[in-house]
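# Notes for the structure review
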Amino acid sequence: MLPAVNYLIVPDKGDPYLEGHKCDVCGAIFLGERTVCSKCFARDKISKVKLSNTGTLYSYSIVYRSFPGIDVPYISALVDLDNGGTVKGNLINVEPDPENVDFGMKVKVVYGDALGRKDKDGNSYMSYFFEPA
Amino acid sequence: MSDVYVLGVDMIKFGRFPDRTVPNIGAEAALMALDDAGLTIKDMQAMYCGNLGQANAMVGQRILQEIGQTGIPVVNCANACATGATAFREAWMSIKAGMYDVVLAVGVEQMGKGLLGGAGGGDGIPKEGLLGSGTMPCVFAEAGMEHSSKYGTTFEQFAKISVKNHHHSTLNPKAMYQIETPLDDVMNAEMISYPNTKLMCSVNVDGSAAAVLVSEKKAKELGMQRAIKVRASALASDPYTDRDLVMPDVNACTRIAAKDAYEQAGLGAEDVSLVELHDCFATAEMLHYENLGLCKDGEAGMMIDEGHVELGGKIPVNVSGGLLSKGHPLGATGIANIYEVCSHLRGEAGKRQVEGAKIGMTHVIGLGTACAIHILEKP
Ligand SMILES: [Zn+2]
């Protein structure tokens with residue numbers, strides 16, 4: 001399966017993981033390749049790092065109105081990963097109700113098929129999700 | 001450098017005009033602003049035009065093709081929801097630079113209905129609903145929920161902002177809607193992206209607004225009776241913040257622009273009589289009470305609970321009805337809120353007049369990100 005985004009790595013062998021690009025000078029973590037750090041402006045000091053599969057919920061919204069064909073409601077979540085980096089994704093296996101979602105709750109990153117979505121050539125994709133840890 | 005004055009300013013009543021063209025809608029406000037200044041297109045030395053939807057289609061020149069082609073320089077600006085304010089600011093700068101004495105700024109937009117943002121595109125598969133949501137109601141809901149996480153801000157407090165702005169709009173004949181929306185109605189309206197219900201999302205409308213800016217020399221020559229002085233014009237982009245790759249940061253950018261604006265004017269928030277700020281969603285307005293220094297961090301919920309931001313309160317916010325009820329034609333919004341503040345400073349705001357208004361502030365923010373703030377004064 002192909003990765004849904006460029007910061008999701010699906011190796012031939014072993015488990016998928018999220019990849020960050022970290023500035024060796026200031027420690028800022030970016031998603032996607034780059035050569036210049038937009039925080040400290042250092043050039044050519046960016047290294048690939050494997051991001052953590054655990055983190056905490058920083059903020060969220062419960063989405064009830066989306067574009068046609070997209071299943072609602074779902075939880076759009078911003079997660080601060082342990083050891084750095086923030087990623088956005090769907091928080092799954094939680095009832096989409098504010099009562100059940102707590103700021104700072106521990107989550108883990110899980111990997112799976114991209115909700116059956118295929119590209120125009122019929123390829124399947126792998127994506128990532130968050131679920132309560 | 002010369003001080004800069006707004007000599008004429010106006011906006012059309014916002015609405016939906018599917019049978020008109022963008023330049024035609026813009027031309028109407030341009031003529032109204034010229035009339036308000038007592039000038040004609042022949043007096044204009046340059047024009048700055050803000051429009052987003054047709055940013056590559058020479059809207060400024062096409063407006064002049066409707067109202068008078070004099071051969072003056074025209075610059076078309078696009079800067080997300082700060083587009084109109086950016087056009088105004090470019091006009092201000094051209095006078096500050098000593099290039100011109102009389103300049104026209106126009107903002108115009110024709111919007112479709114429906115959700116903004118999020119559709120994505122590019123290669124592969126759509127990401128909406130797979131990796132969270134990029135729709136504007138969700139992005140601003142997430143920004144509001146960050147405030148909830150820090151300070152315990154509630155759904156009800158966010159909803160009260162919408163009640164207030166809809167109430168204000170009942171006093172503004174140029175607003176898209178003039179209807180009261182009690183708290184129950186706001187909270188029980190269709191949930192779009194928690195905590196933003198449909199009544200907590202700005203209205204997509206068509207609209208235009210325009211201003212004639214002049215140098216101090218010209219203002220004195222033409223008469224200062226209704227002139228409004230531009231005390232500050234600030235524009236900022238988003239600085240690096242830790243989460244900004246996945247969470248557009250509307251706070252840091254606004255704080256930079258606010259600091260710059262207060263410094264330019266030599267004023268503080270306590271000097272401001274009224275504020276028109278970027279309430280694209282109810283959750284957004286909450287954040288900007290603090291970002292603009294109207295209260296301390298963590299006090300925004302109290303500002304709405306205590307009524308400080310209502311007409312008649314300590315610092316009325318969005319007495320026009322705001323984007324939530326007046327409507328939000330993206331490229332026009334930044335000049336429309338300058339019109340609103342000028343109306344109060346001139347004492348011409350009718351039933352919604354902020355009594356004794358001396359200094360007013362306007363604020364817009366476009367994701368991507370651009371924040372523009374103006375401070376205006378009745379001389
Ligand atoms: Zn760096």
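Residues numbered from 1 in each chain as written. Chains lettered and ligands numbered in written order. Predicted model: local features only at pLDDT ≥ 70, side-chain atom pairs only at ≥ 80, totals over all residues. Heavy atoms only, no water.

What follows deals with empty space enclosed by the protein. A probe matching the size of a water molecule, rolled over the atoms, marks out where space remains unfilled. Residues and elements named next belong to chain B. Counting across every chain of the model gives one cavity of 30 Å³ or more. Empty space within the largest cavity amounts to approximately 40 Å³. Considering the residues around the largest cavity, the lining is formed by C49, G50, N51, Q54, A55, M58, V59, N76 and C77. When contributions to the lining of the largest cavity are tallied by element, the ones reaching two or more residues are β2 (46-50) and β3 (74-77). The residue makeup of the lining of the largest cavity, split by class, is five nonpolar, four polar and no charged. (1 Å grid on protein atoms, 1.4 Å probe; cavity = no way out; pocket = protein on both sides within 12 Å on 5 of 7 lines; lining within 4 Å. Points joined across faces, edges and corners; volume = space filled by probe spheres on them. Helix = DSSP H or I, 4+ residues; strand = E, 2+ residues; numbered from the N terminus. Nonpolar A, V, L, I, M, F, W, Y, C, P; charged D, E, K, R; others polar.)

How large an interface is tends to be reported as the accessible area lost when its parts come together. Facing 36 residues of chain B, the contacting portion of chain A comprises 41 residues. Approximately 3,300 Å² of surface area, both sides summed, lies buried where chain B meets chain A, with 63% of it carried by carbon and sulfur atoms. Inspection of the chain B/chain A interface yields three salt bridges. Notably, a salt bridge pairs R65 of chain A with E190 of chain B, separated by 2.9 Å at the nearest N-O pair. In this structure, the connection of chain B to chain A is made through 21 residue pairs in polar contact (both at pLDDT 80 or more). Broken down by secondary-structure element, the contributors of at least two residues to the side of chain B that touches chain A are α4 (136-151) and β5 (191-194) of chain B. Counting residues per element, the side of chain B that touches chain A draws most heavily on α4 of chain B, which supplies nine residues. Looking at the side of chain B that touches chain A residue by residue, the classes come out as 17 nonpolar, 10 polar and nine charged. (Contact = heavy atoms within 4.5 Å. Buried area = accessible area lost by both parts, 1.4 Å probe. Salt bridge = Lys/Arg side-chain N within 4 Å of Asp/Glu carboxyl O. Polar contact = N/O pair within 3.5 Å; in protein donor to acceptor, adjacent residues only side chain to side chain.)

Okay, unusual backbone geometry next. Cis peptide bonds are those with omega within 30 degrees of zero, and the linkage from Y194 of chain B to P195 of chain B qualifies with 5°. Residue G368 of chain B is joined to T369 of chain B through a cis peptide bond whose omega torsion reads 15°. Notably, D44 of chain A is not glycine yet its phi reads approximately 55°, a positive angle. Inspection of the secondary structure puts D44 of chain A in the loop between β4 (29-30) and β5 (46-50). Here D44 of chain A falls in the exposed class, since its relative accessible area comes to 63%. The phi dihedral of N318 of chain B falls on the positive side, at around 55°, and the residue is not glycine. With respect to the element layout, N318 of chain B can be found in the loop between α10 (300-305) and α11 (322-325). For N318 of chain B, a relative accessible area of 0% translates into the label buried. (Buried < 20%, exposed > 50% of the residue type's maximum accessible area, 1.4 Å probe, protein only.)

Moving on to the coordination of the zinc ion. Residue and element names in this part refer to chain A. Within the protein, C23 (SG), C26 (SG), C37 (SG) and C40 (SG) serve as the donor atoms for the zinc ion, at 2.3 Å. Relative to the metal, the four donor atoms surrounding the zinc ion lie at angles of 105 to 113°, and the coordination shape comes out tetrahedral. In the primary sequence, the donor residues of the zinc ion line up as C-x2-C-x10-C-x2-C. Here the residue C26 occupies a position in the loop between β3 (17-23) and β4, and C37 occupies one in the loop between β4 and β5, the gap between them amounting to 11 residues. Assessed through its relative accessible area of 29%, C26 is described here as partly exposed. (Donors = N, O, S within 2.8 Å, 3.2 Å for Na, K, Ca; no water. Tetrahedral: all angles 85-135°; square planar, octahedral: opposite > 155°, others 65-115°.)

Counted according to the given criterion, the structure contains 20 salt bridges over all chains. With a shortest N-O distance of 2.8 Å, E142 of chain B and K88 of chain A are connected by a salt bridge. With E142 of chain B in helix α4 and K88 of chain A in strand β8 (residues 86-91), this residue pair bridges two chains. With relative accessibility at 2%, the residue E142 of chain B sits in the buried group. Residue classification places K88 of chain A among the buried residues on the basis of a relative accessible area of 10%. Connected via shared salt-bridge partners are D36, R226, R346 and E348 of chain B.

To continue, consider the pairing of strand β11 (residues 370-377) of chain B. Side-chain positions along a regular strand alternate between the two faces of the sheet. Residue and element names in this part refer to chain B. The buried fraction of β11 is high, at eight of eight residues. Along β11, one buried face is formed by A370, A372, H374 and L376 and the opposite face, lined by C371, I373, I375 and E377, is buried too. Direction of pairing for strand β8 (residues 228-237) relative to β11: antiparallel, over a ladder of eight bridges. Residue S233 lies in a different strand from β11, and its bridge partner there is H374. Both strand β10 (residues 359-366) and β11 contribute to a ladder of eight bridges, which runs antiparallel. When the sheet's bridge partners are listed, T362 is paired in β11 with H374. Taking the residues that link successive antiparallel strands as the turn, the β10-β11 hairpin has three residues, and the phi of G368 there is positive, at about 140°. (Pairing = 2+ DSSP bridges.)

On to helix α2 (residues 59-67) of chain B, then. All names here are of chain B. Among all positions of α2, only V59, G60, I63, L64 and I67 are buried. Viewed end-on, α2 has its buried residues packed into an arc of 145°, placing them on one side of the element. Among the structural elements, α1 (22-37), β2, β3 and β4 (102-109) are those in contact with the buried residues of α2. Looking one or two places after α2, you find G68, whose phi comes out positive at around 145°. (Arc of directions from axis to C-beta.)

Right, let's get into the confidence of the model for chain B. Mean pLDDT over chain B works out to 96, with 98% of the residues at or above the 70 mark. Across the assembled chains, the prediction reports ipTM 0.96 with pTM 0.97. (pLDDT = per-residue confidence, 0-100.)

On to the nonpolar core, then. Within the largest apolar cluster, 85 residues are counted, with the highest numbers of intra-cluster contacts made by L18, Y128 and F130 of chain A together with V275, Y289, L294 and I375 of chain B. If one sorts the elements of this core by residue count, helix α8 (residues 250-265) of chain B sits on top with seven residues. The contact partners of L294 of chain B, leaving out residues within four places of it in the chain, are Y262, A269, V275, Y289, M303, I315 and V317 of chain B. M11, I72, A91 and A336 of chain B belong to the second largest nonpolar core, which has 67 residues in total. (Core = buried A, V, L, I, M, F, W, Y, C linked by side-chain atoms within 4.5 Å.)

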